[in-house]
Amino acid sequence: MRKLLIIGLIALSMLSACDPIEHESKYVARWYVKNTSDVSLKICHPKMVRYTPVYSIEPQIIEPGDSILVYGATRTWADNEIPLFEEFHEVKEVTLYDIEDNALQGWRVDNALVDEYSIFNEQNWSFYQLHYPEYLEYYSFNNIESMLVWVCEINYNNLLED
């Protein structure tokens, strides 16, 4: 009986040791690249997208008008902070290909200030902050205060002009 009581107390203390609310997401941030051209493109971003099942070593196809998730981040209630654009710099490099696997453009985070157009420059992104009712239509997250979305539009024709 005494053993059972001790095991029960240990189990009870483990359940009450952490507040589950502290570990739920408060902010979710997503970085998408959108193909605004009329041709299919491929993009490679060899970095794990944190807290999401996206990992890309092989180029992924982006059809005209479509977007692809290239990075994601989440902040819990315990963090009490909003993910900033600079977190996207963890990706380190992004390469854009045409459909025949010819490299069109490569961006590295350490060249962001040197390149005329860099995917790592925040000015080349559109930012949207979706609050609870707005993002529920698109995402199935619970207990999130805001969905932060950055979108970078890539146009094949603009790349050819460089």
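All values derive from a computational prediction rather than experimental measurement.

J.: Give a description of the overall build of the chain that names residues and reports values.
T.: A count of helices and strands for the chain gives three helices and eight strands. Secondary structure elements of the chain occur, N-terminal to C-terminal, as α-β-β-β-β-β-β-β-α-β-α. Taken over 162 residues, the chain has a buried fraction of 36%.

J.: Outline the pairing of strand β5 (residues 93–98), supporting the account with residue identities and numerical values.
T.: With five of six residues buried, β5 is to be regarded as a mostly interior element. In the sheet, strand β2 (residues 41–44) pairs with β5 via four bridges, with the strands oriented antiparallel. For Lys42, the partnering residue across the bridge sits in β5 and is Tyr97.

J.: Go over the packing of aromatic side chains with me, naming the residues and quoting the values.
T.: Geometrically, a pair of aromatic rings is defined through the distance of the ring centres and the angle of the planes. A complete count under the given rule lists 10 aromatic pairs for this structure. Between Trp31 and Phe88, the aromatic rings sit 6.2 Å apart at their centres with planes inclined by 20°, giving stacked as the arrangement. You can see Trp31 sitting in strand β1 (residues 25–35) and its partner Phe88 sitting in the loop between β4 (67–76) and β5, a full 57 residues away along the chain. Between Phe127 and Trp150, the ring centres sit 4.8 Å apart and the planes meet at 45°, which makes this aromatic pair tilted. With Phe127 in strand β7 (residues 126–131) and Trp150 in strand β8 (residues 146–154), this residue pair connects regions lying 23 residues apart in the sequence. By relative accessible area, which is 42% here, Phe127 ends up partly exposed. Trp150 gets classed as buried once you look at its relative accessible area, which sits at 4%. Among the aromatic residues, ring-to-ring pairing joins Trp31, Tyr71, Phe85, Phe88, Phe120, Trp125, Phe127 and Trp150 into one connected group.

J.: Go over the environment of Asn124, please, and point to the residues and values.
T.: Checked against the element boundaries, Asn124 lands in the loop between β6 (103–108) and β7. Residue class for Asn124 comes out partly exposed when judged on its relative accessible area of 23%. In this structure, the C-alpha to C-alpha distance between Asn124 and Ile154, residues 30 residues apart in sequence, is 9.5 Å. Discounting chain neighbours no more than four positions away, the residues touching Asn124 are Tyr117, Ser118, Val151, Cys152 and Glu153.

J.: Tell me about the sheet that holds β2, and name the residues and values.
T.: Across the sheet, which stays open at both edges, the four strands sit in the order β3-β2-β5-β6 with antiparallel pairing between neighbours. Of all the strands in the sheet, the pair left with one neighbour each is β3 (60–62) and β6. Adjacent strand axes in the sheet meet at a mean angle of 25°, parallel and antiparallel pairs treated alike.

Cut-offs and rules
Residues numbered from 1 in each chain as written. Predicted model: local features only at pLDDT ≥ 70, side-chain atom pairs only at ≥ 80, totals over all residues. Heavy atoms only, no water. Helix = DSSP H or I, 4+ residues; strand = E, 2+ residues; numbered from the N terminus. Buried < 20%, exposed > 50% of the residue type's maximum accessible area, 1.4 Å probe, protein only. Pairing = 2+ DSSP bridges. Phe/Tyr/Trp six-rings, centres within 6.5 Å; stacked < 30°, edge-to-face > 60°. Contact = heavy atoms within 4.5 Å. Axes fitted to C-alpha atoms, helices over the stretch in contact; angles between N-to-C directions.

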